[in-house]
Amino acid sequence: MTKKRVLSGVQPTGNLHLGNYLGAIRNWVPLQDSHECVFMLADLHAITVPQNPADLLKNTRETAAAYIACGIDPKKSIIFPQSAVRAHAELAWILGCYTPLGWLKRMTQYKEKAGLSASSPERILKDLKDQKKIFTELTRQVHEGLDNIRLQADSKTITADITQGVLEINEEAAAFLESEIKISEKSKLGLFSYPVLMAADILGYHATHVPVGEDQKQHLELARDIAGAFNRACGEEFFPLPDPLIMPTAARIMSLKDGTKKMSKSDPSDLSRITLTDDADAIANKLRKAQTDTITGITYDPETRPAIANLLTIFAALTDSTPQKIADQYATAQNSQFKGDLAEAAVTHLSPITARMRTLLDDTETLDTILASGAHAARDLAQPILRETMKRVGFWQSA
Ligand code: TYM
């Protein structure tokens, strides 16, 4: 391998937004000159939550058009639908056999998507174990209390307090187990094993660098762990450990409606995100309605003013500046002025992308040809690595 290899992808689930663009796709563009780049449309990942088949197909083309419109050049990079290269699913099966369930259970995105409670089973278990200590202490105190007049007087309160504490722990544990059981009964295997497939995407190309937004960091750490587990089992550094490339600015763009929540494709409110298909009016309207706060003036303070900080981050990312510089520029401005100028910057930056996406989507034949040749090139890279992996597992292969 002469150049380092980059792999990344976006789920074609529609509503491609500023977070996907600023946190990921935009950062892929310069890598095309220094790295060998493989960019997939993560449709196998998309079906881990229910998809309408017609929409999935439409969104796959739309996401491909967005890649190209944002500056991914099919002549320099491989662009393809993940499902068109079977090696992803096959390698995911193999890697799943090297992945302890405990690693997957810790994935925060799985917990969020499945709707699991934030409490971890480990914490509940610790509380239950502590109960034993509490009982032992209670027994000791009551016994001692028999010889101690002051404790005799207090023992009723002590007993009541401890019983109350124990009951609370028990109730929490029961509620936790109840919700855990209910959810695990209906949650899908694919959603749970999603990070193993993601590891297969990366390792299956021997990718060395993975440019993503901050929310994918945990999945990348897991991919490294899985690579390590396989390498240890075969006694060889077969899979390179992939490095995440997370740009410090715009790694986490927040919702326009809630500065403490990530901007997301699945937020029920369309006002929470600016998408790559929004026109100038929609962008201006969404920014006008974006959350701010009641403090006068503009300052960059992510801790106390998350909503304004998010708008500043977006402004800075769109104009190649820094949030602090923009804040200084608008220190005494009204929110309306600031939001108006931000809308203008967003439209200036995004409208050529949107226009190019439309043109590309008007010619699905050309788009499909790009995807077909991308799939072909991707197969050529992934197939030999899959064969080598299978050899190490001990599978029979035809000569
Ligand atoms: P997905 O489709 O959720 O997001 C695509 C990319 O956009 C980034 N991103 C954000 N960045 C900043 N602010 C946000 N609010 C924001 N929301 C999303 C994500 O970090 C991501 O880089 N599992 C991946 C797709 C995938 C993948 C892979 C990525 C599948 N296999 C292998 C890299 C390598 C996902 O669901 O991304």
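Residues numbered from 1 in each chain as written. Predicted model: local features only at pLDDT ≥ 70, side-chain atom pairs only at ≥ 80, totals over all residues. Heavy atoms only, no water.

Trainee: For this particular structure, what's the right way to read helix α13 (residues 306-319)?
Mentor: Residue pairs spaced three or four apart in an α-helix point in one direction, given the helix's 3.6 residues per turn. Relative to the 20 Å expected for 14 residues at 1.5 Å per residue, α13 spans 20 Å between its end C-alpha atoms, a close match to the ideal helical length. Those residues of α13 that sit buried are Ala307, Ile308, Ala309, Asn310, Leu311, Leu312, Thr313, Ile314, Phe315, Ala316, Ala317 and Leu318. Residues of α13 that are buried in the fold lie against α1 (18-28), α12 (280-288), α14 (323-329) and α15 (335-362). Positive phi appears at Asp320, one or two residues downstream of α13, with a value of about 55°. (Helix = DSSP H or I, 4+ residues; strand = E, 2+ residues; numbered from the N terminus. Expected span 1.5 Å × (residues − 1). Buried < 20%, exposed > 50% of the residue type's maximum accessible area, 1.4 Å probe, protein only. Contact = heavy atoms within 4.5 Å.)

Trainee: In this structure, what is going on with the domain arrangement of the protein? I would like to understand it.
Mentor: One widely used convention gives an interface's size as the accessible area the parts lose upon coming together. As assigned here, the protein comprises domain 1 (5-111 + 191-245 + 364-393), domain 2 (117-186) and domain 3 (270-361). Centre-to-centre separation of domain 1 and domain 3, based on C-alpha positions: 30 Å. Interface of domain 1 and domain 3: buried area, both sides summed, is about 1500 Å²; carbon and sulfur atoms make up 72% of it. The largest share of the area that domain 1 buries against domain 3 comes from Leu18, Tyr21 and Ala69, three residues that together contribute 32% of it. (Domains from an automatic or database assignment. Buried area = accessible area lost by both parts, 1.4 Å probe.)

Trainee: For this particular structure, what's the right way to read the side chain of Gln32?
Mentor: Assignment of secondary structure puts Gln32 in helix α2 (residues 31-34). Within the local environment of Gln32, its side chain forms a polar contact with the backbone nitrogen of Asp73, the two atoms lying 2.8 Å apart. Not counting residues within four places of it along the chain, the set of residues in contact with Gln32 comprises Lys3, Cys37, Gly71, Ile72, Asp73, Lys76 and Ser77. (Polar contact = N/O pair within 3.5 Å; in protein donor to acceptor, adjacent residues only side chain to side chain.)

Trainee: How do you make sense of the site of the ligand when you look at a structure like this?
Mentor: As a structural note, the neighbourhood of the ligand is formed by 29 residues, with Gln11, Tyr194, Asp201, Asp215 and Lys265 the closest of them. A distance of 2.7 Å separates an oxygen atom of the ligand from a polar atom in the side chain of Gln11. Take Lys265: an N or O atom from its side chain is 2.6 Å from an oxygen atom of the ligand. Protein contacts shield 97% of the accessible area of the ligand, which totals 710 Å² for the unbound molecule. When atoms are counted within 2 Å of each cavity's grid points, the one that captures over half of the ligand is the largest pocket. Mapped by element, the contributors of at least two residues to the shell around the ligand are β1 (5-10), α1 and α10 (189-203). When grouped by side-chain class, the residues that make up the shell around the ligand number 14 nonpolar, 10 polar and five charged. (Near = heavy atom within 4 Å. Areas by Shrake-Rupley, 256 points an atom, 1.4 Å probe, with all protein chains shown as cover. 1 Å grid on protein atoms, 1.4 Å probe; cavity = no way out; pocket = protein on both sides within 12 Å on 5 of 7 lines; lining within 4 Å. Sits in = over half its atoms within 2 Å of the grid points. Nonpolar A, V, L, I, M, F, W, Y, C, P; charged D, E, K, R; others polar.)

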